[in-house]
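Structural description and commentary
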2 protein chains.
Amino acid sequence: MKAAGVIVEYNPFHNGHLYHLQQTRKETKADCIVAVMSGNFLQRGEPALVSKWTRTRMALLAGVDLVIELPYAFATQKAEIFANGAISILEALGVDEVCFGSESGDINSFLQTLQVMQTRVDEFDTYVQGFVKDGNSFPKSASKAFHALEIKEEVVDLSLPNNILGYHYVKSIHDQQAKIIPKTITRTGSNYHDEHFQSPSIASATSIRKALFSPSGTLDEIKDYIPESTYHHLVSDQLAFQHFRDWESYFQLLKYKVLSSSSAELECIYEIEEGLEHRIISQIKSAESFHAFMEGLKTKRYTWTRLQRACTHLLTNTSKKVMKDVLQEKKAHYIRLLGMSEKGRTYLQENKKKATLPIISKLSGSTNAQLELDIKASQIYNIVADEPIRSNLLHSEYATPPIQYDSVKREFSH
Amino acid sequence: MKAAGVIVEYNPFHNGHLYHLQQTRKETKADCIVAVMSGNFLQRGEPALVSKWTRTRMALLAGVDLVIELPYAFATQKAEIFANGAISILEALGVDEVCFGSESGDINSFLQTLQVMQTRVDEFDTYVQGFVKDGNSFPKSASKAFHALEIKEEVVDLSLPNNILGYHYVKSIHDQQAKIIPKTITRTGSNYHDEHFQSPSIASATSIRKALFSPSGTLDEIKDYIPESTYHHLVSDQLAFQHFRDWESYFQLLKYKVLSSSSAELECIYEIEEGLEHRIISQIKSAESFHAFMEGLKTKRYTWTRLQRACTHLLTNTSKKVMKDVLQEKKAHYIRLLGMSEKGRTYLQENKKKATLPIISKLSGSTNAQLELDIKASQIYNIVADEPIRSNLLHSEYATPPIQYDSVKREFSH
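Residue positions are given per chain, counted from 1 along the sequence in the order it is written. Chains carry letters and ligands carry numbers; both start at the beginning, A for chains and 1 for ligands, and go up in the order they are written. Whole-chain, interface and lining totals are the exception, using all residues; otherwise, since this is a predicted model, local features are given only for residues with pLDDT of at least 70 and side-chain atom pairs are given and counted only at 80 or more. The side-chain figures draw on all heavy atoms in the structure; neither hydrogens nor water molecules are used.

Counting 184 residues, the largest nonpolar core has Val34, Leu254 and Phe293 of chain A together with Val34, Leu254 and Phe293 of chain B as its most contacted members. Domains are outlined according to an automatic or database domain assignment. The residues that make up this core include at least three from each of domain 1 (3–106 + 185–245 + 332–413) and domain 2 (247–326) of chain A. Buried Ala, Val, Leu, Ile, Met, Phe, Trp, Tyr and Cys residues that are joined via side-chain atoms within 4.5 Å together make up what is termed a nonpolar core. Any residue under 20% of the maximum accessible area for its type is buried, any over 50% is exposed, and the rest in between are partly exposed; the area is computed with a 1.4 Å probe on protein chains only.

Attention now goes to the pattern of salt bridges. Residue and element names in this part refer to chain A. Salt bridges are defined by distance alone: a side-chain nitrogen of Lys or Arg within 4 Å of a carboxyl oxygen of Asp or Glu. All chains considered together, the criterion is met by 20 salt bridges over all chains. With a shortest N-O distance of 3.2 Å, glutamate 97 and lysine 183 are connected by a salt bridge. Taken together, the positions of glutamate 97 in strand E4 (residues 97–102) and lysine 183 in strand E5 (residues 181–186) put the pair 86 residues apart, joining distant regions of the chain. By relative accessible area, glutamate 97 is classed as buried at 7%. For the purposes of this entry, the term helix denotes a DSSP run of H or I that reaches at least four residues, the term strand denotes a run of E that reaches at least two, and both are numbered from the N terminus.

Moving on to the side chain of threonine 76 of chain B. All names here are of chain B. Relative to the helices and strands, threonine 76 resides in the loop between helix H3 (72–75) and helix H4 (79–92). Within polar-contact distance, the side chain of threonine 76 engages the backbone oxygen of tyrosine 72 at 2.9 Å. Contacts are residue-level and defined by heavy atoms, with any inter-residue pair within 4.5 Å sufficient. Not counting residues within four places of it along the chain, the set of residues in contact with threonine 76 comprises Phe41, Leu42, Gln43, Arg309, Thr312, His313 and Met323. Under the rule applied, a polar contact is a pair of N or O atoms within 3.5 Å (in protein, one hydrogen donor and one hydrogen acceptor; residues adjacent in sequence only if both atoms are side-chain atoms).

On to the domain arrangement of chain A, then. Residue and element names in this part refer to chain A. Domain boundaries in chain A define domain 1 (3–106 + 185–245 + 332–413) and domain 2 (247–326). Domain 1 puts 24 residues into the contact, and the matching count from domain 2 is 18 residues. By definition, the buried area sums, over both parts, the 1.4 Å-probe accessible area that each loses when the two are put together. Carbon and sulfur atoms supply 59% of the area that domain 1 and domain 2 bury against each other, a total of about 1,800 Å² over both sides. Considering only the surface of domain 1 that becomes buried against domain 2, Gly45, Tyr72 and Ile380 emerge as the three largest contributors, covering 24% of it. Inspection of the region where domain 1 meets domain 2 yields zero salt bridges.

For the rest of this paragraph, the subject is the packing of aromatic side chains. Classification of ring pairs uses Phe, Tyr and Trp, with its six-membered ring standing for Trp, and accepts pairs whose centres are within 6.5 Å; under 30 degrees between planes counts as stacked, over 60 as edge-to-face, and the remaining range as tilted. Taken as a whole, this structure holds 27 aromatic pairs over all chains when the rule is applied. Here phenylalanine 41 of chain A and tyrosine 72 of chain A contribute two aromatic rings whose centre-to-centre distance is 6.3 Å and whose plane-to-plane angle is 85°, an arrangement assigned as edge-to-face. You can see phenylalanine 41 of chain A sitting in the loop between strand E2 (32–38) and helix H2 (52–61) and its partner tyrosine 72 of chain A sitting in helix H3 (residues 72–75), a full 31 residues away along the chain. As far as the burial class goes, phenylalanine 41 of chain A and tyrosine 72 of chain A line up, both buried. Seen from their ring centres, tyrosine 127 of chain B and phenylalanine 131 of chain B are 6.4 Å apart, and the 15° between their planes marks the pair as stacked. One end of the pair is tyrosine 127 of chain B and the other is phenylalanine 131 of chain B, both in helix H6 (residues 121–133) and four residues apart, which spans about a single turn. Under the relative-accessibility criterion, tyrosine 127 of chain B is labelled partly exposed at 34%. Through pairs of rings, three or more aromatic residues link up here, namely Phe41, Tyr72, Tyr250 and Tyr381 of chain A.

Each disulfide consists of one covalent bond between the sulfur atoms belonging to two cysteines. Throughout, a disulfide means two cysteine sulfur atoms within 2.5 Å of one another. Evaluated as defined, the whole model comprises zero disulfides over all chains. Between cysteine 311 of chain A, a cysteine without a disulfide, and cysteine 268 of chain A, which holds the nearest cysteine sulfur, the sulfur-to-sulfur distance is 17 Å.

Residue and element names in this part refer to chain B. Across the five residues that make up strand E3 (residues 66–70), a large majority, five, are buried. Residue alternation in E3 divides its side chains into two sets, Leu66, Ile68 and Leu70 and Val67 and Glu69, and both sets are buried. As judged from the five bridges shared by strand E2 (residues 32–38) and E3, these two strands associate in the parallel manner. Note on E3: the bridge partner recorded for valine 36 is isoleucine 68. Taking the sense of rotation as the criterion, the β-α-β connection linking E2, helix H2 (residues 52–61) and E3 turns out right-handed. One bridge is not enough; two strands pair if DSSP finds at least two bridges between them. We call a crossover right-handed when, viewed with both strands directed away from the observer, the connection leading from the first strand over the helix to the second proceeds clockwise.

Now for helix H17 (residues 304–315) of chain B. All names here are of chain B. In this analysis, the expected span of each helix is defined as 1.5 Å times one less than the number of residues it contains. In this model H17 runs 16 Å from its N-terminal to its C-terminal C-alpha over 12 residues, within 8% of the 16 Å that 1.5 Å per residue would give. Burial analysis of H17 places 10 of its 12 residues in the buried class, the great majority of the element. For H17, the full list of buried residues reads Thr305, Leu307, Gln308, Arg309, Ala310, Cys311, Thr312, His313, Leu314 and Leu315. At the exit of H17 stands asparagine 317, carrying a positive phi of roughly 55°.

Once that is clear, we can look at the environment of lysine 2 of chain B. Residue and element names in this part refer to chain B. The topology assignment puts lysine 2 in the segment before strand E1 (3–8). When its relative accessible area of 27% is taken as the criterion, lysine 2 is described as partly exposed. Note: C-alpha distance between lysine 2 and valine 95 (93 residues apart in sequence) is 7.6 Å. Leave out the neighbours within four places in its chain, and lysine 2 touches Thr28, Lys29, Ala30, Asp31, Cys32, Asp96 and Glu97. Polar contacts involving the side chain of lysine 2 include one to the main-chain carbonyl oxygen of threonine 28, which spans 2.7 Å.

All names here are of chain B. Along the chain, leucine 61 turns up in helix H2. The exposure class assigned to leucine 61 is buried, which follows from its relative accessible area of 14%. For leucine 61 and glutamate 411, which are 350 residues apart along the polypeptide, the C-alpha to C-alpha distance reads 9.0 Å. Each residue touching leucine 61, except ones within four places of it in the same chain, is listed here: Ser229, His233, Tyr405, Arg410 and Phe412.

So, about the packing of helix H13 (residues 251–259) of chain B against helix H15 (residues 276–284) of chain B. Residue and element names in this part refer to chain B. In contact at an axis separation of 10 Å, H13 and H15 are set at 120° when each is read in the N-to-C sense. Put simply, H13 runs oblique to H15. The handedness of the crossing between H13 and H15 is left-handed. Across from Phe251, Leu254, Lys255, Val258 and Leu259 in H13, the residues of H15 making contact are Ile280, Ile281 and Ile284. Counted by class, the contact of H13 with H15 contains seven nonpolar, no polar and one charged residues. The axes are straight lines fitted to the C-alpha atoms, using for helices just the contacting stretch, and the angles between their N-to-C directions are given from 0 to 180°. An angle below 35 degrees is read as roughly parallel, one above 145 as roughly antiparallel, one from 65 to 115 as roughly perpendicular, and any other as oblique. By definition, turning the near helix anticlockwise from the far helix through less than a right angle yields a left-handed crossing, and turning it clockwise yields a right-handed one. Each residue is assigned to one of three groups, with Ala, Val, Leu, Ile, Met, Phe, Trp, Tyr, Cys and Pro labelled nonpolar, Asp, Glu, Lys and Arg labelled charged, and all others, Gly among them, labelled polar.

So, about the pairing of strand E6 (residues 335–341) of chain B. All names here are of chain B. Counting buried positions along E6 gives seven out of seven residues, so the element sits mostly inside the fold. Across four bridges, the pairing between E3 and E6 is antiparallel. Pairing of glutamate 69 across the sheet is with arginine 336, part of E6. Pairing analysis gives two bridges linking E6 to strand E7 (residues 359–360), with the strands arranged parallel. If you follow arginine 336 over to E7, its bridge partner there is isoleucine 360.

The periodicity of an α-helix, 3.6 residues per turn, causes residues three or four positions apart to be oriented the same way. All names here are of chain A. Within helix H16 (residues 290–297) the residues assigned to the buried category are Phe290, Phe293, Met294 and Leu297. For H16, the buried positions fall inside an angular range of 95° around the axis, keeping them on one side. Buried residues in H16 make contact with helix H13 (251–259), helix H15 (276–284) and helix H17 (304–315). The directions from the helix axis to the C-beta atoms form the arc being described.

Next up, the structure:
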């Protein structure tokens, strides 16, 4: 059975994701689609709109065969670390190809870009340092440095967010000496950061979330941009519908965390660097919302995403020390199953003996520090749900087996 | 000008407190009543019903002339440390007498009890250790040990809560070689822990809070047990009325604190001893309320109060190390003014030069670790108020000068 991997967040699942899945099947001719999906906290340093379990159901309904959680230690990170985690999981499972969406759409350009970067990395670094010194953010400096190299080969524009991710997938495959073959398709219809609806059926997840959180926001508004299955799922799943979450849902907890910590304690948190703790302490007292807090915190030095990631690690009390320990090998320590169709189950049965990482389908406590971060992050994510749902969720993180999806009856069971 | 001190919590102010003030004036013939009052967290390890500012107004309306905050480091402690802090403040201000309510009502009995304890402390300690070994709580063991000594002198029953506090006031005066003269009056009409209304006009603060928090609870129900001034104040002060607080108000924050901390981090918290952190972690996941959590946590070994105090220090993230540092001298480091009448102001002017501790009327940042604990505790206490009140309160902790009370016009000003 041939398998293709996708690396996703599905926050929430929309028509652009459906297109990505369809194109992946077409390009790879795979029998089985394996999605490595961020858990409850995402790459931009945000809590997910709905929990990983609800997003797993959306993925299964749309045709994904196997959903695996990207551990917190990778999911909440810059592209390089994010890619390391995702590729290590797909490779450990023996997935044949990985297919990602990119602005470029040409896999050769990615491979050439990697080659250039491998051979001219010192030059590149010197440029980056110079641009950072001039007051540019790191991503901006990287992009400018790339231009400054004046490369003749066909390379990808690394100022575009999906190209950056794609580049790091390709680089991770190279660094990990992985056998998985990278492929890419052109993203269509919307840009990653678009806040407004552009095309008639495809919109970015950003614009969909924006519509949901607007004061007059309803599910009707986003109906054209998400598959019917997602729509029905959001409507019928009371749990998901009542608890769309964003940073504002967690702002009281974040405020409490800051006000109850000394600056020395805050400085131990991962991604809180260069005195950022003092800015956090001084801004949080008067901020009446997370958004206002972030506006107060922002400087030229830090991107919004970088600051949100620092806030995520602050919320989950993830220290520099712990993160250093769990990222030592730059690879995931396990394959955590969130959901599967019959095909996914069959694929697992065929491949589990060859898998180079332990496969976890149901937790019964943990002594793995990487997995403990996932459990902690989920428990904190679930605190803001109403009782008694909350208590169930706190328990479920341990006890929940993967969701089983019957694609003929279109039914779920645990 | 002669001054008498009282040591109080006023949670909320009621007729029993009014009686205490009247009897204090009568017994001491003082011109000025100075109250040392717990801040936002109280001796039983609970958040106060209403903030220290609202309780200061209640005290001034009822005839107190000067309200001083008992620092968090003393207010949230067992009787011995609580008394050390309160007596050190009254003594530093040069207050002539302290008058406390007790079940005993006879100051000589307290003095004799102290003498017995000073001379037979080794015997006493041996008994206590024995009773603790038999599975008794510490307060129970102390009381049983006292009986076992078979003392002939007139001594006070140290199993009664107000006698214990009184005993420690007298002991603190002795230990600190303070000049302040202790007096006591008999408490009347209710017992400290009564949960139901007993006498026609005097009820315990416990029963008043219980009535307020009952599902059908209204202010009308407690009208007979509190002075008209307190009643009108509670009714008219929207802030106070809308935000009666108890542990349930802080349970989500406590849950977050536990779920985001490792057991090693919890073990650093003051009063978390002997593996209590493991019980806390295992109980908090399924608890749907603070009360249910406490029920799950309770064992014979720990009193409810002791556990609540541990939870308070957990909520405020107060470590063993910090508490040890700030309690080194067993005395308050400052006199923090919360409110005053004209008479209180005159008394202060007459005595401030003789005061042996710095008098703080308005904070402008702090480098004193004891005071920083107060600021942190207040900020955390204020987190659960609604916006935008919350932001004001977070600021006010620094900027608020003492409340000035005009007893002729019966008006407040800042």
